[in-house]
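Remarks on the overall topology
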Amino acid sequence: MTVRYSYRAGLMAAILLLGGAGQTALLAGQAAGAARVSGEQEGVLQVKDGKLPAGPAEIRQGGAVVGFARVDPEGVARRVLGQAPRDAEIHPIAAQEPRVLVMAPPDHPAAKEAGVLFGAGMSLAPDAPASEADAAILIQLPEGNANIPKAGTLFLSLDAYAALRGLEVRSHQVTKRPALRITVVAPWMPGLEVGHEISWFGKEGDRFTQRSLPAEGLPDGARVLAVSTLDQGPILLEETLPDGRRLVALDLESPNGRAGYDPGSKLKWFFITRALDTKAFYGRHVPRRLTVDEYTQRLRELAARHTGRATLTEIGKGSAGDPILSLSLGKKDAPRFVFTGVLHGGEVMNAYGLLRLAEVLLENPREDARISRLLGEYGVEIIPLLNAWGYAHGKQTNSRDCDLNRNFDYLWEKFQGDSGWRAAIKPEVLRGPAPFSEGETQAVRDRLLAGKVAGYIDFHQHGMEHGHMLMLPHRPVQRQPEVLRLLHEVLNARLAGRALYGSDQRLQLVLSGTGSPRPFAQNWAASRGITACTFELPGGVEESLILTDMVVQEALHFMWILAATSPGS
Ligand SMILES: [Zn+2]
């Protein structure tokens, strides 16, 4: 009875997490299927064939994004951008929240984190109707295993799995950071390869802790997906139960730090959100920092795999004489989107994210009609490693101590210096001897002046806990700020529920809307009439699976939104 009682206490906690006692409908995941436009009156859309959840929504026709709507809490949809032709589909941006049942002792950190991650789709067992759940996370087995919920996918912590299968969990305490190593890549684990290692540990005092199962004694049919780097014992495994349900056992106990934030715990929820497949995850794990040569080789291989569809060109030379490469794809002689990464040499994740963007555009792994439609009408130019010297030397500046993002011709002459690491360099050195004095900025300028540019993003990486930011250009030169504000709203809806930052909050993209009067790339581009913005990524290489996905999502939604503002160009 005590277990039962504690579950009830947990249920109360869940209701509190859900935002108040008034919200008692548990497992009330919203049906988020596509609806259709049946008419429009003064911007309000008449909708048939479905009910729309609150939030931003895409209007699609023939696979292309043609407009955007905003749905209010009463379910009223208003067109906010582009067109809403009769019979066009309306797709909510936020994927349907999975209805996740969590069975855990009250106050267990994993239960709290699941509440934040899955929001209104989560409840605690066993009082909730288990048969309606998409998945269940069992930190603790219910009394008598017969009560295991009938959810489609069962996630069991190692402790719960060991109890179910009569195994003994082994616990390690070591002085060096351990990891898990991928041994089999299940279909729901794209972005990972056999042999990849992911930091996976907790801390007790000054020791690192990790748990694993014994390699022997597993039931027939159990497939080991990842093992401990300490003893090769299973940390992640999968079974298909006789009734067809999937069982995934994983070590949720070891990573005891803040999910998404502390080393060893950053990807704690990755396998669960990925196995639920509620979001298109385009991320790719980068196990270590690539050298410039290795990175360039990957770009060349990608272009070679798609000869005729992708062209790699040298568009200039950096301050140290290194070639600046640009990858072009999509429709030729059409308006094109331009993306730059690693203007600051230390902000390396954008190089990997933009490489992944190129792969996604060329290979369209999820057969997304929006991608093929976009590339049929627009070109895309990716300059992923602008400051190769800085990347190679771990420096933000180029080899001449110039901060390239102070060298563009926008209020350049007014630049008086900056705080932080920039304070150590004289302003006249930091901004360079003249606007566009550097090979890197000249290359960007020349590409942005060539042909018609449909939009430009300069990708950066702030790297701090709350550093995930969409920054608009300096206000006087902003182009289409209302469209970029919609992009911000869309991305927060799109990226919700896939990662945590600091255990108590979903990853949020912050909008910085006023901009700054500095010689930024985006300010100069905007002053030339280009719709431009800057993204700052949080985190580091350990979260490459999440961050590379963000770059892809940010670029894709930027292009879809801008394409919808000028259809048929
Ligand atoms: Zn930067």
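Located above this text is the structure these notes cover.
How each quantity is defined
- Residues numbered from 1 in each chain as written.
- Predicted model: local features only at pLDDT ≥ 70, side-chain atom pairs only at ≥ 80, totals over all residues.
- Heavy atoms only, no water.
- Helix = DSSP H or I, 4+ residues; strand = E, 2+ residues; numbered from the N terminus.
- Buried < 20%, exposed > 50% of the residue type's maximum accessible area, 1.4 Å probe, protein only.
- Phe/Tyr/Trp six-rings, centres within 6.5 Å; stacked < 30°, edge-to-face > 60°.
- Lys NZ or Arg CZ within 6 Å of the ring centre and 35° of its normal.
- Pairing = 2+ DSSP bridges.
- Contact = heavy atoms within 4.5 Å.
- Lys, Arg positive; Asp, Glu negative; His and termini not counted.
- Salt bridge = Lys/Arg side-chain N within 4 Å of Asp/Glu carboxyl O.

What follows is about unusual backbone geometry. In this structure, Asn 364 takes a positive phi of about 40 degrees despite not being glycine. With respect to the secondary-structure elements, Asn 364 resides in the loop between α6 (349-363) and α7 (369-377). Asn 364 gets classed as buried once you look at its relative accessible area, which sits at 15%.

Aromatic ring pairs are described here by two measures, namely the spacing of the ring centres and the angle between the planes. Here the structure, examined in full by the defined rule, presents 13 aromatic pairs. In textbook terms, an aromatic cluster arises when at least three aromatic residues are bridged by ring pairs, as seen for Phe 337, Phe 339, Tyr 378, Phe 459, Phe 535 and Phe 558. The cationic tip of Arg 289 hangs over the ring face of Tyr 391; the distance from NZ or CZ to the ring centre is 5.1 Å. Lying over the aromatic face of Phe 436, Arg 445 brings its terminal NZ or CZ to 4.9 Å of the ring centre.

Looking now at the pairing of strand β17 (residues 234-240). With six of its seven residues buried, β17 lies for the most part within the structure. Strand direction decides the pairing type here: strand β16 (residues 223-228) and β17, joined by four bridges, are antiparallel. Within β17, the residue paired with Ala 226 across the bridge is Leu 236. In terms of strand pairing, β17 meets strand β18 (residues 246-250) through five bridges, oriented antiparallel. Bridge assignment links Glu 238 to a residue of β18, and that residue is Val 248. Counted along the chain from β17 to the antiparallel partner β18, the turn is five residues long, and its residue Gly 244 has a positive phi close to 95 degrees.

Attention now goes to the environment of Leu 276. Secondary-structure assignment places Leu 276 in helix α4 (residues 270-276). The contact partners of Leu 276, leaving out residues within four places of it in the chain, are Pro 98, Val 100, Phe 118, Ala 135 and Phe 155.

Bringing the side chain of Asp 251 into the picture now. Locating Asp 251 in the fold gives a position in the loop between β18 and α4. Buried charged residue Asp 251 carries no salt bridge. Nearest counter-charge: Arg 211, at 5.0 Å. With near-sequence residues (within four places) excluded, Asp 251 lies in contact with Leu 158, Trp 200, Gln 210, Arg 211 and Ile 235.

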